[in-house]
Amino acid sequence: MCWSFQYYKLGYEKGAGPVAAYNLGRCYYFGRGVDKDLEMAQELFKEAEGGGFPVREKLNEK
């Protein structure tokens, strides 16, 4: 398992906010450190957007 996934998950579980949800969602979206799970990614991205994080804008950045 990828160390960054573990830390993103820990931060998310401790309530680190929309940025943590976004970062964890990226792990699920791209399959980094965890099996690819687009449904879980979508849930996390929705949560991040609900908290004011610009998910679509960030996903489109290079």
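Bear in mind the structure is a predicted one, so any value in this text is a computation, not a measurement.

Rules used in this analysis
- Residues numbered from 1 in each chain as written.
- Predicted model: local features only at pLDDT ≥ 70, side-chain atom pairs only at ≥ 80, totals over all residues.
- Heavy atoms only, no water.
- Helix = DSSP H or I, 4+ residues; strand = E, 2+ residues; numbered from the N terminus.
- Buried < 20%, exposed > 50% of the residue type's maximum accessible area, 1.4 Å probe, protein only.
- Contact = heavy atoms within 4.5 Å.
- Areas by Shrake-Rupley, 256 points an atom, 1.4 Å probe, with all protein chains shown as cover.
- Lys, Arg positive; Asp, Glu negative; His and termini not counted.
- Charge placed at Lys NZ, Arg CZ, Asp CG, Glu CD.
- Phe/Tyr/Trp six-rings, centres within 6.5 Å; stacked < 30°, edge-to-face > 60°.
- Lys NZ or Arg CZ within 6 Å of the ring centre and 35° of its normal.
- Salt bridge = Lys/Arg side-chain N within 4 Å of Asp/Glu carboxyl O.

Q: Could you give me a rundown of the overall build of the protein chain, with the residues and numbers involved?
A: Each helix and strand in the protein chain was counted, giving 4 helices and 0 strands. Considering only C-alpha atoms, the protein chain reaches an extent of 30 × 25 × 20 Å along its principal axes. Scored against the burial criterion, the 62 residues of the protein chain give a buried share of 26%. Pairs at least 24 residues apart make up 36% of the contacts formed inside the protein chain by residues separated by at least 6 positions. When the accessible surface of the protein chain is split by element, carbon and sulfur atoms take 49% of a total near 4,400 Å². Side chains of the protein chain carry 9 positive and 9 negative charges; the gap between the two charge centres is 5 Å.

Q: Before we move on, could you go through the packing of aromatic side chains and cite the residues and values that matter?
A: Counted under the stated rule, the structure contains 5 aromatic pairs. Their ring planes at 85 degrees and their centres at 4.8 Å tell us that tyrosine 29 and phenylalanine 30 sit as a pair that is edge-to-face. Residue class for tyrosine 29 comes out partly exposed when judged on its relative accessible area of 35%. In this structure phenylalanine 30 comes out as partly exposed when scored by relative accessible area, which is 37%. The structure contains a cluster of three or more aromatic residues connected by ring pairs, namely Tyr22, Tyr29, Phe30, Phe45 and Phe53. Here the guanidinium or amino end of arginine 32 rests over the ring plane of phenylalanine 30, the centre of that ring lying 4.7 Å away.

Q: Can you tell me about the pattern of salt bridges, naming the residues and giving the values?
A: The final tally for this structure, using the stated rule, is 3 salt bridges. The closest approach of N and O atoms between glutamate 49 and arginine 56, which form a salt bridge, is 2.9 Å. The exposure class assigned to glutamate 49 is partly exposed, which follows from its relative accessible area of 30%. The closest approach of N and O atoms between glutamate 61 and lysine 58, which form a salt bridge, is 3.6 Å. For glutamate 61, a relative accessible area of 46% corresponds to the partly exposed category.

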